[in-house]
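# A structural walkthrough
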Amino acid sequence: MPKTPAECTTMADVRAEIDRLDRALMALFAERWGYIDRAAEIKRPLKLKADIPARVAEVRENARRHAIAFGLEPDFYEGLWTQLIDHAIEHERKLLGEDEE
């Protein structure tokens, strides 16, 4: 059963909960990645590019807004999401054959 931070009484408790959350985050990243692959499949027949600047700006702003809502440091999380976005765009470019142009 997961413990809240306040319920952790030892470093082993804290480490176990961090490890649990890290596994859960990886599962969510894997799920997110599936949507990235699907986006490329949908974009191909529509002749859409991997990089759609308006969407990139929207996702970055969402990350910033969510970070603020959860009491997290917005610059850090916007930067982290920028890395995720950049990596996803490069992946989509490969899938779409844009890197061959």
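Per an unreviewed UniProt entry, the chain is named chorismate mutase, and its organism is Sinorhizobium fredii.

### Considering the pattern of salt bridges
Applying the stated criterion across every chain, the model contains 11 salt bridges. For the salt bridge of E41 with R38, the shortest nitrogen-to-oxygen distance reads 2.8 Å. Here E41 pairs with R38, and both are found in helix α1 (residues 11-46), just three residues apart, close to one helical turn. A relative accessible area of 44% places R38 in the partly exposed class. The salt bridge partner of R64 is E78, with a shortest N-O separation of 2.6 Å. A residue pair is termed long-range when its members are at least 10 positions apart, and R64 in helix α2 (residues 53-69) and E78 in helix α3 (residues 74-96) qualify at 14 residues. Residue class for E78 comes out buried when judged on its relative accessible area of 14%.

### Side note on the packing of aromatic side chains
Evaluated as defined, the whole model comprises one aromatic pair. Ring plane angle 85° and centroid distance 4.8 Å describe the contact between F76 and Y77, whose orientation is recorded as edge-to-face. On the basis of relative accessible area, Y77 is assigned to the partly exposed category, the value being 25%.

The rules behind these values
- Note on numbering: residues in each chain are counted from 1, in written sequence order.
- The predicted origin of the model limits local features to residues at a pLDDT of at least 70 and limits the giving and counting of side-chain atom pairs to 80 or more, whereas totals for whole chains, interfaces and linings rest on all residues.
- The side-chain numbers reported here are obtained from all heavy atoms of the structure, hydrogens and water having been left aside.
- By definition here, a salt bridge exists when the distance from a side-chain nitrogen of Lys or Arg to a carboxyl oxygen of Asp or Glu is within 4 Å.
- Here a helix means four or more residues in a row that DSSP labels H or I, a strand means two or more in a row labelled E, and each is numbered from the N terminus.
- Only protein chains enter the accessibility calculation, which uses a 1.4 Å probe; a residue is then buried when its area is under 20% of its type maximum, exposed when over 50%, and partly exposed in between.
- Stacked, tilted and edge-to-face are the three classes assigned to paired rings of Phe, Tyr and Trp, where Trp is represented by its six-membered ring and a pair needs centres within 6.5 Å; plane angles under 30 degrees give stacked, over 60 edge-to-face, the rest tilted.

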